[in-house]
2 protein chains.
Amino acid sequence: MVSSDAGATGNSLDELCINTIRFLSIDAVEKAKSGHPGTPMGAAAMAYVLWDRFLKHNPLDSKWPDRDRFVLSAGHASMLLYSLLYLTGYDLSLDDLKSFRTWGSKTPGHPEYHAAPGIETTTGPLGQGFANAVGMAIAERWLAETYNRPGFEINNHFTYTIVSDGDLEEGVSSEAASLAGTLKLGKLVALYDDNNISIEGNTSIAFNEDVAERFRGYGWHVIGPIDGMNPASVDAAIRVGQAETARPTLIVCKTTIGYGSPGKAGTGAAHGEPLGAEEIALARKTLGWNYEPFVVPEDALKHTRQALERGKQLQQKWQEKFEAYRKAFPEEARRLEESLKGNLPEGWDSGLADLFKGQEKPMATREASGKVLNAVAGKIYYLIGGSADLAPSTKTNLKDQGDFSPSNYKGRNMHFGVREHAMGSVSSGMALHGGLIPYTGTFLIFYDYMRPPVRLAAMMGLRVIYVYTHDSIGLGQDGPTHQPIEQIVGLRAVPNLVTLRPADANETTEAWKVALQRRNGPTALILSRQNLPVLDRTKFAPASGVSRGGYVLWDAAAKPDVILIGTGSELHIALEAGKRLAEKKVNARVVSLASWELFDAQPVEYRNSVLPPGINKRISVEAASPLGWERYVGTEGLIMGISHFGASAPGEVIYEKFGLTPDRMVSEALRLVGTV
Amino acid sequence: MVSSDAGATGNSLDELCINTIRFLSIDAVEKAKSGHPGTPMGAAAMAYVLWDRFLKHNPLDSKWPDRDRFVLSAGHASMLLYSLLYLTGYDLSLDDLKSFRTWGSKTPGHPEYHAAPGIETTTGPLGQGFANAVGMAIAERWLAETYNRPGFEINNHFTYTIVSDGDLEEGVSSEAASLAGTLKLGKLVALYDDNNISIEGNTSIAFNEDVAERFRGYGWHVIGPIDGMNPASVDAAIRVGQAETARPTLIVCKTTIGYGSPGKAGTGAAHGEPLGAEEIALARKTLGWNYEPFVVPEDALKHTRQALERGKQLQQKWQEKFEAYRKAFPEEARRLEESLKGNLPEGWDSGLADLFKGQEKPMATREASGKVLNAVAGKIYYLIGGSADLAPSTKTNLKDQGDFSPSNYKGRNMHFGVREHAMGSVSSGMALHGGLIPYTGTFLIFYDYMRPPVRLAAMMGLRVIYVYTHDSIGLGQDGPTHQPIEQIVGLRAVPNLVTLRPADANETTEAWKVALQRRNGPTALILSRQNLPVLDRTKFAPASGVSRGGYVLWDAAAKPDVILIGTGSELHIALEAGKRLAEKKVNARVVSLASWELFDAQPVEYRNSVLPPGINKRISVEAASPLGWERYVGTEGLIMGISHFGASAPGEVIYEKFGLTPDRMVSEALRLVGTV
């Protein structure tokens, strides 16, 4: 299946370009003394054909909304992408390639979203890019169905991805593939670099499945296996893939890892380290390459740089069409542009302040969240999301907004299935595409299933909102498998992620406001299953303090003896304890610390006004791991938390048994202030 | 496909037993006012047939080593399992069923490993049980191939699992299924409860794939779809599944969720809440059930309790065979029994003390780990494990021990593939089976891919050892996608997990000793990619201090002015800073804090001897999230950590740029003690 000579294409210019990619990759890895040469060498032909003959893009405007999306899911092959970006004329120089994997370069070890124009997403952790691509294809369909009008296919592009064996071994790609098949994403084309090699050797030792059959099972259109190093075969396959509009396409491309290296081709040795001078010399001989390192043949550059003119014309044509569309459909055009910019519509938060006015009955914060979400969804018309098969519980359903499905691509309710991992990665892909704000929903415990994409969203600075309900032992009978303990501190530890655990309905409104307005990173909302009192804000400080992360909810007297700090459902324990202490003439301050990240970002004066350094007698209460609370209660304070797993019983029973009660807090406070 | 009357079996006794399971489940959920009745109602027939006619078990000895393993992967259907345990005579009473989901009961919301005999694993988080079952089937094959002798099939049992739509939507089940197919686990039989319903509605909205075709792609033997509520069909299918020994079997069983409830059958409403009195009355009528709640028909109990006698005889026969085996192969029998008990063989640690004697060249702790692992592997003959396609990097390969594969089931090197999640769950299954100590290997960053099974292993108290290498920015050029920041604190936050980050080769030996001797929970070893000095223990305190979590490595003088605390690779930064401070007449104490959990478990006297309360000037250094370090450095101290993502560059450059250097530590220490 694999051609003995990838250059035998009948077109020596193609051969020249493909070998240019190979040797740029070889040379950069060699210079960095670190990297992955094998995959660029094997996949150069398929990537070249895709970029040269199919990819709709404009290297001078990497943000053109209707460009095709290209995701290198096999992120370790980053030099393949960097080579293509350089060759087609993106703002990435030969010097940039020479600084591969060095401090501050535009060419880091794995592709990073903001490092250089044309990098559509950060990849490396396997499977993520593939699932991102599914999210991009979803976004494209949603925008198309929502905004396109007869004669105006304003949104109409393909999403391509190159995936490796490793990508397809990871479960997240199975989840995403099954979802893509169900959703019939016909404009998604995946090229599978089927080289039969992974780090431990031949893939047959661990991955002996029939990938084509598996993908047919998912409802995909499968092409191949084809000779992935033969440009004509790749060309023909992509054409067939494009023509199939009712199903996503997988093209199985047989390739040889490290192609051209006589000593390492087809072995794991070609994967993750420089070839070495000797082997490079042999590869040069094998592929007939007589150029010095980093020298790009003029003919190759001239040919690949045609992408500049082609891209300019393509975008110009699109822009003309868009201007006509704007004339015909000014409101649609305005909305589309606004959503692509990510600006919240005028008046998006109107009515939110009164949402829970007069609400006297206790209400779970998940319930409140559902109400806020539905209140803003009418105005923020490009807010779209859903749950991993828990919408009735997470309250993430948008009323009257329809389901996103093959028969209704403009539906705004996503059904991700029981696939938290793909839900995370897909929503990142949606955010990366632009034109919508995605949100997800599941139980907090299942954050564990989707940690990798949450981390990458934070790293990329994406606006994704994660709704996590059933946030503690308060969920009750489902027991320890479902009761988060270490998940909240886990979220807090992720850089550039903001975590909010509101204590009542009004704090939930404020938390959503923070999340929606946060444009440079994701936000996690931690919500209760159980009902919680709705605090009477005429008696307590306003919930708007949430936007500063923490605030003084209530002071028993001007000078507190003790500070009681709570988050979420446990704030009510602190408040109750504070009231009882007042009866015992001990003055407590009660602080709501809904978000550590936001609070820590406040000026020290504000922080000291909430937690005065002079008052060391402090108790925190949170139905979760105590880890990290020393930052706020200090070494003289006390942390009421849970340092073991939960239990199956009604929630209120577990609180009692675990000692998370106002009674205990009162007695601990009395002990601290020396009254007992 | 689904029979209109599951009772129409031609055997009214079967019908009676099946309905007994259904109504025990209905009644218990109703009494608890919480739970999942729908799946037990739909899957009662298949579970009953399996337990009544196939399952080799002895209710009076739930630990009989050669019993068949049964895993209810759909853990929310816990009442199905509890009903069967009660009916077949396990130590689980009707009163226990009545205390379903209450504090301290043997019948928690989801099955928990230690809650009652016969619960083979903790399930609930979907996909985990299925992957556990794969691990059990692997363990069975390994023990069989290692210990069985002609005529003595001492290890020879099936592993059965019931899986739901949700289980098969989760990526972990894809990973595990692909691995099981590759490994040709012929004694694994999965019954797929294909009821087309999940919480958000019909599975077609999110899960429209052809599961049978997908599993054929994995190399499975697929039977069905069959009528999963017809005992004869289930019976025939299991027989066919048992007969196929070269491939794992999936039986697609079409069922109706909530079968028997006229108002809720076949809908999501039957899934996760009590049916309610009215609907129960209708179900009674529909299924012709005239018994009071929790009343078990005598005939049904009499029939199902035959399992007691059957089990007794089965085990007796096995025991006789085992005695004959012991006579013929005394050494094998001794070893098998020792490994089933989990006792480390005599002299298992001999030679370890000298392993790095005279080692003067720097050595990565991953390298040291590989040497320790190989040093003990010869003695601990039932230590078996592998890596998620990173063995050459994680140094987890056992030399000369062969690969576990269909042609060599006694190989001790597992090739898990690029499947960290399944690796975690499968290794738990291996530990649950008994007879071996499993270990896993991957980069620390990919702990994120396997958080759910690590948590469950900790919850179950399983002896699994996780080797996590490439533990920080020190890994260098691969960049932020591969550099852990929040993973170490994440591990520390998991209850009952012990995390160790050794600082040099000798500490690595000690860390492995802790892990191997820890019988009641998993251990994570955090190891460096980069070389680290091997500390000269004639000049510094012995590495054995690691077993206490933390120890004083070096004191500049009797009374320290400042305490410098480090872990892993950063301990050397602290030590270097300490030496430089000594030159400036500032006396530093250098503490190695390899394991927070172990240190926190020490008596306060010991902890105070290492970190004397009177010495508040403390600095910690760890190339990871600073979260939680306040516990050791207090509010007056300083935490040198990283609260953002990493970067792609050589490791030593990143350390410098991020300010994790002896220079910085020295100047911070001088500032703290007031010298500058």
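Residues numbered from 1 in each chain as written. Chains lettered and ligands numbered in written order. Predicted model: local features only at pLDDT ≥ 70, side-chain atom pairs only at ≥ 80, totals over all residues. Heavy atoms only, no water.

**Overview of the interface of chain A and chain B**
Okay, step 1: Listed per partner, the contact involves 97 residues of chain A and 97 residues of chain B.
Okay, step 2: Roughly 7900 Å² of surface becomes buried between chain A and chain B when both sides are summed, with 59% attributable to carbon and sulfur atoms.
Okay, step 3: Broken down residue by residue, the surface that chain A buries against chain B is led by Trp103(A), Glu200(A) and Arg455(A), which jointly contribute 10%.
Okay, step 4: Where chain A meets chain B, there are 6 salt bridges.
Okay, step 5: Where Arg631(B) meets Glu630(A), a salt bridge forms, and the shortest distance between an N and an O atom there is 3.0 Å.
Okay, step 6: Put simply, chain A and chain B have 47 residue pairs in polar contact (both at pLDDT 80 or more) between them.
Okay, step 7: Here the side of chain A that touches chain B is composed, by residue class, of 40 nonpolar, 34 polar and 23 charged. (Contact = heavy atoms within 4.5 Å. Buried area = accessible area lost by both parts, 1.4 Å probe. Salt bridge = Lys/Arg side-chain N within 4 Å of Asp/Glu carboxyl O. Polar contact = N/O pair within 3.5 Å; in protein donor to acceptor, adjacent residues only side chain to side chain. Nonpolar A, V, L, I, M, F, W, Y, C, P; charged D, E, K, R; others polar.)

**Regarding the packing of aromatic side chains**
Okay, step 1: Counted by the stated rule, this structure contains 58 aromatic pairs over all chains.
Okay, step 2: Arranged with centres 6.1 Å apart and planes meeting at 15 degrees, the rings of Phe443(B) and Phe446(B) form a pair that is stacked. The burial state of Phe443(B) is the same as that of Phe446(B); both residues are buried.
Okay, step 3: Arranged with centres 5.7 Å apart and planes meeting at 80 degrees, the rings of Phe446(B) and Tyr449(B) form a pair that is edge-to-face.
Okay, step 4: For Phe446(B), a relative accessible area of 8% translates into the label buried.
Okay, step 5: Among the aromatic residues, those joined into a cluster by ring pairs are Trp64(A), Phe152(A), Trp318(A), Phe322(A), Tyr325(A) and Phe329(A). (Phe/Tyr/Trp six-rings, centres within 6.5 Å; stacked < 30°, edge-to-face > 60°. Buried < 20%, exposed > 50% of the residue type's maximum accessible area, 1.4 Å probe, protein only.)

**A word on the packing of helix 12 (residues 306-328) of chain A against helix 13 (residues 330-341) of chain A**
All names here are of chain A.
Okay, step 1: Contact pair helix 12 / helix 13: the axes reach a minimum separation of 5 Å and the direction vectors enclose 125 degrees. When the interaxial angle is binned, helix 12 and helix 13 end up oblique. Between helix 12, through Phe322, Tyr325, Arg326, Lys327 and Ala328, and helix 13, the contact on the second element is made entirely by Pro330, Glu332, Ala333, Leu336 and Glu337.
Okay, step 2: Of the residues that constitute the contact of helix 12 with helix 13, the class distribution is 6 nonpolar, no polar and 4 charged. (Axes fitted to C-alpha atoms, helices over the stretch in contact; angles between N-to-C directions. Helix = DSSP H or I, 4+ residues; strand = E, 2+ residues; numbered from the N terminus. Parallel < 35°, antiparallel > 145°, perpendicular 65-115°, else oblique.)

**Overview of the pairing of strand 7 (residues 249-254) of chain B**
Residues and elements named next belong to chain B.
Okay, step 1: Buried residues dominate strand 7, accounting for 6 of its 6 residues.
Okay, step 2: Covered by surrounding structure in strand 7 are Thr249, Ile251 and Cys253 together with Leu250, Val252 and Lys254, the residues of both alternating faces.
Okay, step 3: Where strand 6 (residues 221-227) meets strand 7, 5 bridges bridge the pair, whose relative direction is parallel. Bridge pairing in strand 7 places Asp227 opposite Lys254.
Okay, step 4: The β-α-β motif built from strand 6, the intervening helix 9 (residues 231-243) and the parallel element strand 7 has right-handed crossover chirality. (Pairing = 2+ DSSP bridges. Right-handed = clockwise from strand over helix to strand, strands pointing away.)

**Thoughts on the state of the cysteines**
Residue and element names in this part refer to chain A.
Okay, step 1: Scanning the model with the defined rule gives 0 disulfides over all chains in all.
Okay, step 2: Between Cys253, a cysteine without a disulfide, and Cys17, which holds the nearest cysteine sulfur, the sulfur-to-sulfur distance is 19 Å.
Okay, step 3: For Cys253, a relative accessible area of 0% gives the class buried. (Disulfide = S-S within 2.5 Å.)

**With respect to the sheet that holds strand 19 (residues 618-621) of chain A**
All names here are of chain A.
Okay, step 1: Strand order in the open sheet formed by 5 strands is 16-18-17-19-20, with mixed pairing between adjacent strands. Of all strands in the sheet, those bounded by a partner on one side alone are strand 16 (551-555) and strand 20 (638-640). Each strand axis lies, on average, 20 degrees off the axis of its neighbour in the sheet, ignoring direction.

**Structural notes on the pattern of salt bridges**
All names here are of chain B.
Okay, step 1: On inspection of all chains with the given rule, the structure shows 79 salt bridges over all chains.
Okay, step 2: Across the pair Asp555 and Arg589 runs a salt bridge, and its minimum N-O distance is 2.9 Å. Here Asp555, found in strand 16 (residues 551-555), pairs with Arg589, found in strand 18 (residues 588-592); they are 34 residues apart in sequence, far enough to count as distant.
Okay, step 3: Residue classification places Asp555 among the partly exposed positions, given a relative accessible area of 28%.

**Things to note about helix 1 (residues 12-32) of chain B**
Residues and elements named next belong to chain B.
Okay, step 1: Under the 1.5 Å per step criterion, the end-to-end length of helix 1 is 30 Å for 21 residues, consistent within 8% with the ideal 30 Å.
Okay, step 2: In terms of residue burial, helix 1 counts as a mostly covered element, since 16 of its 21 residues are buried.
Okay, step 3: Positive phi shows up at Lys33, right after helix 1, with a value of about 55 degrees. (Expected span 1.5 Å × (residues − 1).)

**Observations concerning the environment of Val134(A)**
Residues and elements named next belong to chain A.
Okay, step 1: Within the element layout of this structure, Val134 appears in helix 5 (residues 128-147).
Okay, step 2: Taking the C-alpha atoms as reference, Val134 lies 22 Å from Ala524; in sequence the two are 390 residues apart.
Okay, step 3: Ignoring anything within four residues of it in the chain, the contact list for Val134 reads Ala176, Ala180, Leu185, Leu188 and Val426.

**As for the relation of the copies chain A and chain B**
Okay, step 1: Of the transformation superimposing chain A on chain B, the axial component is 0.0 Å and the angular component is 180 degrees, with the fit at an RMSD of 0.0 Å. Here the two chains are linked by the operation of a two-fold rotation axis.
Okay, step 2: Here 100% of the contact residues of chain A are again contact residues in chain B; the copies associate through an equivalent surface. (Least-squares fit on C-alpha atoms with pLDDT ≥ 70 in both.)

**Structural notes on the sheet that holds strand 6 (residues 221-227) of chain A**
Residues and elements named next belong to chain A.
Okay, step 1: Judged by pairing direction, the sheet is parallel, and its 5 strands sit side by side in the order 1-2-3-7-6 without closing on themselves. Each edge of the open sheet is held by one strand with a lone partner, namely strand 1 (69-72) and strand 6. For this sheet, the mean inter-axis angle between neighbouring strands, taken without regard to orientation, is 15 degrees.
Okay, step 2: Running over the sheet, helix 5 touches strand 1, strand 2 (159-164) and strand 3 (188-194) and is turned about 165 degrees from strand 2.

Any functional reading would require information that these geometric values do not contain.
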